[in-house]
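Listed below are the residues making up each chain.
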There are 2 protein chains.
Amino acid sequence: MDTTTLYQHSTLADLTAGLFSGTLPVSQLLQHGNTGIGTGDGLDGELIILDGIVYQVTSSGKVNKLQPTDKVPFATVHFANYDKVATYSGLDKDQTLERISKEKPWQNIFYSFALEGTFKYLKVRAVCKQEKPYSTLLEASKEQAIFVAQNISGKMIGHYSPKLYHGVAVGGFHYHFISDDHSFGGHVLDFQINQAELGLQAFETFQEHFPVDSKDFMDFDYNNLDNIAEQINSAEK
Amino acid sequence: MDTTTLYQHSTLADLTAGLFSGTLPVSQLLQHGNTGIGTGDGLDGELIILDGIVYQVTSSGKVNKLQPTDKVPFATVHFANYDKVATYSGLDKDQTLERISKEKPWQNIFYSFALEGTFKYLKVRAVCKQEKPYSTLLEASKEQAIFVAQNISGKMIGHYSPKLYHGVAVGGFHYHFISDDHSFGGHVLDFQINQAELGLQAFETFQEHFPVDSKDFMDFDYNNLDNIAEQINSAEK
């Protein structure tokens, strides 16, 4: 089991372009990792992958499990092997990300973090399933559902990507949350930690897999897509 | 043997930053491919990898073979499995690249091309081995050696990278040449084909490997590096 590789199917740029159709079965995705994040077919909700189970938080707030034959348009996974490095108490989002980014000299490589514990406050979003013809990620993100929880225990899983890869991934941090009882989660917008344990895992290799069987992807003209980097920032942060 | 993956060690951005020290032994590089391009330790010449042999064209014009323990700072390799798709006659550089880019609808994925045959004219360069403290790729490329040949037979090997990956690689085409008698070669600047056979090979996966054991790389502050994209264009095209 290779714990030094981060595997990604498709790119944030492809989502930005509106390529929302699922292109990789969950069964194949899980061959490359048991832990990670992604989105569902047709931009149907936020995925968080834990222990080889793909949880889908839909815009109704319901949490489903995806089946092996379900296809995803975008996901980033790895085999979990976190080092416990710290316990954080009382930090808000900005303080937390600042602290994480200073734990290790890893600014130029991909790494994953897991933050497990109790949160005083958590604000998440879930994108809504889109109908064809698809618009862009930026348009779709305008109709996202937002959920807030207080005093909730659960796990945040995410990745750090070097700036050079903004477009391929989200440069900086991108992370999702699921509660311990699997009833609440999504793409994290804001939070305050009560107490949480931080795990970090570095990757030596970033493996980017292209949806080569998707004619929509292969034929897409990215020259028609302005400001991919800015659109990702608006849609994902 | 995986013929659908393109493996790259380090990035063009790292070279642009002046990270010229070898960080991966040839023996490890060749586990990921028998064909490709790269540069030597200290930016010592242009590498072209054929049939598992790493040829090094130095700035003196001499062609060496690297040994398994020699380390390279940057290289991109794959296991060759080209489809012969066309024979080109009489085309110049721009016409050739235009034709190659229209052979397949592969503008959004990485692919390799091999162009084997006779060339009326060929202009190549080889960068010069640098001494520490290293400057940037752009500075180093100003002291490159240029060689010209006429009526020469040999092989061009290169990669196409989607624009999104400019910085990680050279967006568009990046290719090196070696003559059939292994006495002449380098990073190709210009050429005219007499007659040459084109082989193409698509990649489903791009595997980026980071020089994680290099403190210079891990500690480098890319925020101090302006216009990586433009510097690569000036140094490599």
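The name given to chain A in an unreviewed UniProt entry is Alpha-acetolactate decarboxylase, with the source organism recorded as Convivina intestini. What the UniProt record of chain A gives under Catalytic activity (unreviewed entry) is the line "(2S)-2-acetolactate + H(+) = (R)-acetoin + CO2". The UniProt entry for chain A carries this comment under Sequence similarities (unreviewed entry): "Belongs to the alpha-acetolactate decarboxylase family."

With that out of the way, let us pick up the side chain of Lys-93 of chain B. Residue and element names in this part refer to chain B. With respect to the element layout, Lys-93 can be found in helix 3 (residues 93-103). Although Lys-93 is buried, it makes no salt bridge; Asp-94 carries the closest opposite charge, 5.2 Å away. When neighbours within four sequence positions are excluded, Lys-93 is seen to be in contact with Tyr-175, Leu-189, Asp-190 and Phe-191.

Next up on the list: the relation of the copies chain B and chain A. Superposition of chain B onto chain A requires a rotation of 180 degrees combined with a translation of 0.0 Å along the rotation axis, giving an RMSD of 0.0 Å. Both copies of the chain, as the preceding transformation shows, are related through a two-fold rotation axis. No C-alpha of chain B approaches the rotation axis more nearly than that of Gln-207 of chain B, which lies at 2.2 Å. Both copies contact each other with a shared surface, as 100% of the interface residues of chain B are interface residues in chain A too.

With that out of the way, let us pick up the interface of chain B and chain A. Contact with chain B, which involves 28 residues of that partner, is made by 28 residues of chain A. Counting each side, the surface lost to burial between chain B and chain A is near 2,500 Å², with a carbon and sulfur contribution of 58%. At the surface where chain B touches chain A, the tally comes to zero salt bridges. Along the contact surface separating chain B from chain A lie 16 residue pairs in polar contact (both at pLDDT 80 or more). Those elements that provide at least two residues to the side of chain B that touches chain A are strand 14 (205-209) and helix 5 (215-219) of chain B. Per-element tally for the side of chain B that touches chain A: the top contributor is strand 14 of chain B, with five residues. In terms of residue class, the side of chain B that touches chain A is built from 16 nonpolar, eight polar and four charged. When strand 14 (residues 205-209) of chain A meets strand 14 of chain B, the two strands line up antiparallel, connected through five bridges. Looking at strand 14 of chain B, one finds that Thr-205 of chain A is bridged to His-209 of chain B.

To continue, consider the packing of aromatic side chains. All names here are of chain B. In the structure shown here, the tally under the stated rule is 36 aromatic pairs over all chains. Between Phe-119 and Phe-177, the ring centres sit 5.5 Å apart and the planes meet at 85 degrees, which makes this aromatic pair edge-to-face. Of this pair, Phe-119 sits in strand 10 (residues 111-126) while Phe-177 is found in strand 12 (residues 172-179), placing the two residues 58 residues apart along the sequence. No difference in accessibility class separates Phe-119 from Phe-177, as the two residues are buried.

Here the focus is the environment of Ala-114 of chain A. Residue and element names in this part refer to chain A. By secondary structure assignment, the location of Ala-114 is in strand 10 (residues 111-126). For the pair Ala-114 and Phe-177, spaced 63 residues apart in sequence, the C-alpha separation works out to 9.7 Å. The contact partners of Ala-114, leaving out residues within four places of it in the chain, are Tyr-82, Lys-155, Met-156, Ile-157, Glu-197, Leu-198 and Gly-199.

Attention now moves to unusual backbone geometry. Leaving glycine aside, a negative phi is the common case for residues, and trans is the common case for peptide bonds. All names here are of chain A. A cis amide bond, omega -5 degrees, links Lys-132 with the succeeding residue Pro-133. Take Pro-133: it is sitting in the loop between strand 10 and helix 4 (137-141). Located in the positive-phi region is Leu-43, a residue other than glycine, with phi close to 60 degrees. Among the secondary structure elements, Leu-43 is positioned in the loop between strand 3 (35-39) and strand 4 (46-50).

Once that is clear, we can look at helix 6 (residues 228-236) of chain A. Residues and elements named next belong to chain A. Every buried residue of helix 6 is accounted for by Ile-228, Gln-231, Ile-232, Ala-235 and Glu-236. Looking down the long axis of helix 6, one finds its buried residues gathered within 105 degrees of arc, a one-sided arrangement. Exposed and facing more than 90 degrees away from the buried side of helix 6 are Glu-230 and Ser-234. Those residues of helix 6 that are buried lie in contact with helix 1 (12-16), strand 10, helix 4, strand 12 (172-179) and strand 13 (185-202).

All names here are of chain B. With respect to burial, strand 4 (residues 46-50) is a largely interior element, five of its five residues being buried. Here strand 4 shows a buried face lined by Glu-46, Ile-48 and Leu-50 and a second buried face lined by Leu-47 and Ile-49. The loop that links strand 3 (residues 35-39) with its antiparallel partner strand 4 comprises six residues; one of these, Gly-42, has a positive phi angle of about 75 degrees. Strand direction decides the pairing type here: strand 4 and strand 5 (residues 53-57), joined by five bridges, are antiparallel. Its bridge partner lying in strand 5, Leu-50 is registered against Ile-53. What sits between strand 4 and strand 5 in their antiparallel hairpin is a turn of two residues, with Asp-51 showing a positive phi close to 50 degrees.

Reading the values: rules and limits
Residues numbered from 1 in each chain as written. Chains lettered and ligands numbered in written order. Predicted model: local features only at pLDDT ≥ 70, side-chain atom pairs only at ≥ 80, totals over all residues. Heavy atoms only, no water. UniProt positions renumbered as here; feature names shortened; annotations may be inferred. Helix = DSSP H or I, 4+ residues; strand = E, 2+ residues; numbered from the N terminus. Buried < 20%, exposed > 50% of the residue type's maximum accessible area, 1.4 Å probe, protein only. Lys, Arg positive; Asp, Glu negative; His and termini not counted. Salt bridge = Lys/Arg side-chain N within 4 Å of Asp/Glu carboxyl O. Contact = heavy atoms within 4.5 Å. Least-squares fit on C-alpha atoms with pLDDT ≥ 70 in both. Buried area = accessible area lost by both parts, 1.4 Å probe. Polar contact = N/O pair within 3.5 Å; in protein donor to acceptor, adjacent residues only side chain to side chain. Nonpolar A, V, L, I, M, F, W, Y, C, P; charged D, E, K, R; others polar. Pairing = 2+ DSSP bridges. Phe/Tyr/Trp six-rings, centres within 6.5 Å; stacked < 30°, edge-to-face > 60°. Arc of directions from axis to C-beta.

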